[in-house]
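# A structural walkthrough
Spelled out from the first residue to the last, the chains are:
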Amino acid sequence: MELPEFAPGLSARVELTVTDADTAQSLGSGDVPVLGTPRLLALAEAATVAATARQMPGGVTTVGTRAEVEHRLPTPVGGRVEAFATLAKVDGRKLVFDVTVKDGAALVAEVRVERVVLDRQRFIAKALGD
């Protein structure tokens, strides 16, 4: 597998309008009707995937291996958040992203996501026990 060339500074943005399905109540991570931390993490990971998507060769993918989340502010149903991912560090196959999640100017969360570049088919085969 030939590794793609990713350089620090690579970035992407994704957004979400919070629905009932995105709340802590719906996700089982709490009993309040605001953006749940598991959904916030999924949004942050989506931003990291988007950052590498344009340069990802066929047959190669990344998978999340570690995340640190600091969820600072609640976002109600109907609120809109944006996740901005920036590639902070490349260490061989490991990519480290810093992600900020904002509701307008307000900082909702800071997330650090580590992903590993790997052969997609080999990974799937291993997961299926082949």
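Here is a short report on the structure shown in this document. Since the structure is predicted, the reported quantities are computational estimates derived from the model, not experimental observations. (Residues numbered from 1 in each chain as written. Predicted model: local features only at pLDDT ≥ 70, side-chain atom pairs only at ≥ 80, totals over all residues. Heavy atoms only, no water.)

## Things to note about the pairing of strand β5 (residues 106-119)
Stated precisely, the cut-off is as follows: Strands are treated as partners if at least two bridges between them are detected by DSSP. We count a stretch as a helix when DSSP gives it H or I for four or more residues in a row; a strand needs E for two or more, and each element gets its number in order from the N terminus.
Pairing analysis gives eleven bridges linking strand β2 (residues 60-71) to β5, with the strands arranged antiparallel. The residue of β5 that forms the bridge with T62 is V117. Inspection of the sheet shows strand β4 (residues 94-103) paired to β5 by ten bridges, in the antiparallel sense. Across the sheet, residue L95 finds its bridge partner in β5, namely R115. Where β4 hands over to β5, the hairpin turn is made up of two residues, of which G104 adopts a positive phi near 70°.

## Regarding helix α2 (residues 37-53)
Which entries qualify depends on this criterion: Every helix has an expected span of 1.5 Å times one less than the residues it contains. Only protein chains enter the accessibility calculation, which uses a 1.4 Å probe; a residue is then buried when its area is under 20% of its type maximum, exposed when over 50%, and partly exposed in between. Between two residues, a contact is recorded if the distance between any of their heavy atoms is within 4.5 Å.
Taking 1.5 Å of rise per residue, 17 residues should cover 24 Å, and α2 covers 24 Å from first to last C-alpha, within 8% of that figure. Within α2, burial applies to L40, L43, A44, A47, T48, A51 and T52. The secondary structure elements touched by the buried residues of α2 are β1 (11-17), β2, β3 (80-91), β4 and β5.

## Some words on the environment of P76
Assignment of secondary structure puts P76 in the loop between β2 and β3. For P76, the contacting residues outside a window of four places in its chain are V18, P33 and V34.

## Focus: the nonpolar core
Applied cut-off: Take the buried residues of types Ala, Val, Leu, Ile, Met, Phe, Trp, Tyr and Cys, join any two whose side-chain atoms come within 4.5 Å, and each joined set is a nonpolar core.
One finds L40, V81, A83, F97, V99 and V101 to be the most contacted residues of the largest nonpolar core, which totals 26 residues. Secondary structure elements with two or more residues in this core: β1, α2, β3, β4 and β5.

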